[in-house]
Structure formats: C-alpha cells, structure tokens
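One-letter residues, chain by chain:
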Amino acid sequence: VLKSAAKVPSKILDLMDGFRASKALFVASKLKMFDHLRAKGPLKAVDIANEVGTSVCGTERLLDACAALGLLEKTPQGYSNTDSANTYLTSDGEYSLHGYIIHSNDHLWPLFTNLESAVKEGSRQNHRAFGKKEEDLFKDYYQSQEVKQRFMAAMHSIAHLTARDVATAFDLSQFKSACDLGGCTGALAHELVQIYPNLKVTVFDLPEVIANTSYFQPSGQHTAPVTFVSGDFFKDNLPEADLYILSRVLHDWPDEKVHVLLSKISAVCKPGSALLVAEIVLDEQKTHPPRAVLQSLSMTEGKQRSGSEYKQLLEKYGFTDVQIKITGNLLDAVLGFKENLSP
Ligand code: SAM
C-alpha cells in the first residue's frame, strides 16, 4: 500500500530559501541593476552584463531569480522593473530602500553569518564578522567615513519611509518646539515641519553625524528649516523643547544607558511637555511583529519592548497618560506627557 504523499511544508521550504532570496535582492541592488533597468529597460541579460561589467551567465541567473521573486518582469523583449522595484529598489528614488539594503548586505549579513556564536555567547559578533573588538555600536559605525555614510543612508531610507506615520500617529499641533534626539539625517524632522508648520524642530545627534547631514536635506522645499545641533545625549545638555523624540534609539541601549537618557529627558521636561517614542512595539507575547523579533538577533545590548513595557518605562520616568499607536506600518509610536506635579 502506498503511503499518501507527505504535505509539502511550504512555509519551512520558503524559510530555507529565504537567505538565497535576500542575497539575490542585495546583489542586484548593489550592482544597481534596478537603476539600469529603470533608465533603459526592457533589457536583455547581455546588455545589463555589459553595462554593469558582470558575466552574462551570472547576470542572467540573477535576473531570472529576481523575476522569480516578483521584483522584475521578464518578457521576450527582456527584463523590466516592477512598479515596486522602480519605487523602492532604484538607488535614488524618493522612497528608495537602497541604503538599508546595502547596510543589510555589508553589515547585517556578516553579523548574521555568525548567529550561532551570537546565540551561544549572547553577544554581538562584530569581532568575528569584522575583526573588531566589541565597542559602542555607533563608534563602530562612525570609525570610517564609508561605513558612516552607509549607516546614515540606511537610517535615512527607513526614517523617510516611516516619517509620515510617526509624525501623524498623534496630533502634535499643541507643541511649539520639538527635539529629535538621535535624529540622524533629519528625515523625521523635515516631515514634522511640513505637517506642523508652526513647530520648530531641532535634530540632535553626534558631531560626526551632524557634519554629514547636508547630503540628505530635501531640495526646493518651502517649509521652515530644521536646526541641527551636535552633542552626546548621554553627556551634554539637551536643547530645550516641549516635545522630545526618540525614534529607534531606545532599542539600541542597555538598561543603564536607557536610565541615563530618560532621566535626563525627564529632568528637562516641563510639566505638560511630552516624549514621543518611535519603535516597533511588540505584542505582549513578544513574538509579533517578526521584524522586531528578528532584529533582536543582532544581539545589541538593547532590546525590543512590548506596549506595556514602553508604558511602564515612560511612567517610571514621570510620563503619564501614555498612549500607544500601532500604525500597522514599519514603526509604531508611544506618547507620554510629563506629569504636572503642582497641586
Ligand atoms: N532616529 C533615527 C531614525 O529613526 O532613523 C536614527 C536612528 S539610529 C538607530 C540611532 C541614532 O542615534 C543615530 O543617528 C546615532 O548617531 C544617534 N546616537 C547614538 N549615540 C548617540 C549619542 N550618544 N548622542 C546623540 N546621538 C546618538
């Protein structure tokens, strides 16, 4: 008697192939194949190979893989970008994810190659991936100009894509001034001044970052300018503001550093001013959304938190009426108001 065929575990098979798919996307992006196709598509593999300087057979296999993954269309005329590739995968599109893809390929991929050691040792694997000792995450990124630019481009691509969701998660029109701590290229700050024209926004970040922000500024925009201030948010005085913002900052740091930062913010906040945190908020089981759970595997000393954990954390530092907005997009938002201690 023949046994009935085992059901194909398609989810598991897809996960087994996930690394090949990621790498195909990364390499096609790095070789700027989507840029060439937007400029001149449809193109045959041989034309792209000539433009990029790659082998014809390797290029054809990569392009077929991209077509199989739904990133390209293949017709008898050749390969062309899908709409989504035009929008997100070309390197200079407004909502390009190119910066984050290159960061994933050049930085996260080598770290994740060492995931087994990371799990055994419970620590980030910079020394194995890049031959460097464990250091402050950002000192590491900012040691070389090239790595710094790459990291800033990666942050910018996600921040620009998520800025509207974060800026509109709550009505912030009551605030006159905001300070985006660790605001990097100013992507969120620019969105805020567009949505709230009366809001004065300051971006506060390390001097190495502030010195490199000019490349990322929007051109020809007729909105109020954003102010950039350099400093270290653990050591220096924070600019005055009635709304402080921490977007994708808290998850990077161990509890002691989070304590220093939130104590400082709480101390400078006047009653009625507020703190807006933008992070991926985990569900209470801490298994959803997978994006946040997978990010944790980088083993930074920080951690991802659930909604109730963010609420407790903000309350611990004197913020009340804490509200959480799950945007259903890349970043969620948490807002708390500094307690009014006067009777
Ligand atoms: N807020 C941006 C976003 O959501 O895209 C950037 C997030 S990035 C993960 C963290 C930011 O914090 C970087 O721009 C980094 O330079 C900045 N940062 C790290 N340490 C800092 C410090 N000690 N003082 C000020 N900024 C710091």
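Residues numbered from 1 in each chain as written. Predicted model: local features only at pLDDT ≥ 70, side-chain atom pairs only at ≥ 80, totals over all residues. Heavy atoms only, no water.

Side note on the packing of aromatic side chains
Now for step 1: For the structure shown, the criterion picks out eleven aromatic pairs.
Now for step 2: A ring pair is formed by phenylalanine 175 and phenylalanine 337, whose centres lie 6.2 Å apart and whose planes are at 20°; its orientation type is stacked. In this pair, phenylalanine 175 is assigned in the loop between α10 (145-168) and β3 (177-181) and phenylalanine 337 in strand β9 (residues 332-338), connecting sequence segments 162 residues apart. Comparing phenylalanine 175 with phenylalanine 337 shows no difference in burial state: the two are buried.
Now for step 3: An angle of 85° between the planes, with centres 4.9 Å apart, marks the rings of phenylalanine 234 and tryptophan 253 as edge-to-face. (Phe/Tyr/Trp six-rings, centres within 6.5 Å; stacked < 30°, edge-to-face > 60°. Helix = DSSP H or I, 4+ residues; strand = E, 2+ residues; numbered from the N terminus. Buried < 20%, exposed > 50% of the residue type's maximum accessible area, 1.4 Å probe, protein only.)

Considering the pairing of strand β6 (residues 243-247)
Now for step 1: With respect to burial, β6 is a largely interior element, five of its five residues being buried.
Now for step 2: Here β6 shows two buried faces, one formed by Leu243, Ile245 and Ser247 and the other by Tyr244 and Leu246.
Now for step 3: Handedness of the crossover joining β6 and strand β7 (residues 274-279) through helix α13 (residues 255-268): right-handed. (Right-handed = clockwise from strand over helix to strand, strands pointing away.)

What about the pattern of salt bridges?
Now for step 1: One pass over the full model with this rule turns up 14 salt bridges.
Now for step 2: In this structure, the salt-bridge partner of glutamate 191 is arginine 164, at a minimum N-O distance of 2.7 Å. Placement of glutamate 191 in helix α11 (residues 187-195) and of arginine 164 in helix α10 is noted, with a sequence separation of 27 residues between them.
Now for step 3: As a salt-bridge pair, arginine 305 and aspartate 255 come within 3.6 Å of each other at their nearest N and O atoms. Taken together, the residues arginine 305 in the loop between α14 (290-295) and α15 (307-316) and aspartate 255 in helix α13 connect sequence positions 50 residues apart. (Salt bridge = Lys/Arg side-chain N within 4 Å of Asp/Glu carboxyl O.)

Remarks on the domain arrangement of the chain
Now for step 1: Along its sequence, the chain is carved into domain 1 (10-89), domain 2 (98-142) and domain 3 (161-338).
Now for step 2: Placing a centre on the C-alpha atoms of domain 2 and another on those of domain 3 gives a separation of 24 Å.
Now for step 3: Facing twelve residues of domain 2, the contacting portion of domain 3 comprises ten residues.
Now for step 4: Summed over both sides, the interface of domain 2 with domain 3 buries roughly 970 Å², with 73% coming from carbon and sulfur.
Now for step 5: If you look at where domain 2 meets domain 3, you find zero salt bridges.
Now for step 6: Our enumeration of links across domain 2 and domain 3 arrives at one residue pair in polar contact (both at pLDDT 80 or more).
Now for step 7: Elements supplying a minimum of two residues to the side of domain 2 that touches domain 3: α6 (98-113), α7 (115-121) and α9 (137-142).
Now for step 8: When grouped by side-chain class, the residues that make up the side of domain 2 that touches domain 3 number eight nonpolar, two polar and two charged. (Domains from an automatic or database assignment. Contact = heavy atoms within 4.5 Å. Buried area = accessible area lost by both parts, 1.4 Å probe. Polar contact = N/O pair within 3.5 Å; in protein donor to acceptor, adjacent residues only side chain to side chain. Nonpolar A, V, L, I, M, F, W, Y, C, P; charged D, E, K, R; others polar.)

Overview of the site of the ligand
Now for step 1: Close contacts around the ligand come from 17 residues, with Tyr142, Gly182, Asp205, Ser247 and Arg248 the closest.
Now for step 2: A distance of 2.6 Å is found between an oxygen atom of the ligand and a side-chain nitrogen or oxygen belonging to aspartate 205.
Now for step 3: Take aspartate 232: an N or O atom from its side chain is 2.9 Å from a nitrogen atom of the ligand.
Now for step 4: Every element with two or more residues in the shell around the ligand is listed here: α9 and α10.
Now for step 5: Residue composition of the shell around the ligand, by class: ten nonpolar, three polar and four charged. (Near = heavy atom within 4 Å.)

Topic: the packing of helix α3 (residues 45-52) against helix α4 (residues 56-68)
Now for step 1: One can describe the packing of α3 onto α4 by two numbers: an axis separation of 8 Å at closest approach and a directional angle of 115°. In this view, α3 runs roughly perpendicular relative to α4, as classed from their interaxial angle. The crossing of α3 and α4 is right-handed. Across the interface between the two elements, Ala45, Val46, Ile48 and Ala49 of α3 pack against Val56, Thr59, Glu60 and Leu63 of α4.
Now for step 2: Class assignment for the residues of the contact of α3 with α4 results in six nonpolar, one polar and one charged. (Axes fitted to C-alpha atoms, helices over the stretch in contact; angles between N-to-C directions. Parallel < 35°, antiparallel > 145°, perpendicular 65-115°, else oblique. Left-handed = near helix turned anticlockwise from the far one by under 90°.)

Quick notes on the side chain of aspartate 205
Now for step 1: Checked against the element boundaries, aspartate 205 lands in strand β4 (residues 200-205).
Now for step 2: In this structure aspartate 205 is buried but unpaired, with lysine 148 as the nearest side chain of opposite charge at 9.9 Å.
Now for step 3: Reaching out from aspartate 205, the side chain makes a polar contact with the backbone nitrogen of glycine 183 at a distance of 3.5 Å.
Now for step 4: Contact partners of aspartate 205, with chain neighbours within four places excluded, come to Gly182, Gly183, Cys184, Ile210, Val229, Ser230 and Gly231. (Lys, Arg positive; Asp, Glu negative; His and termini not counted.)

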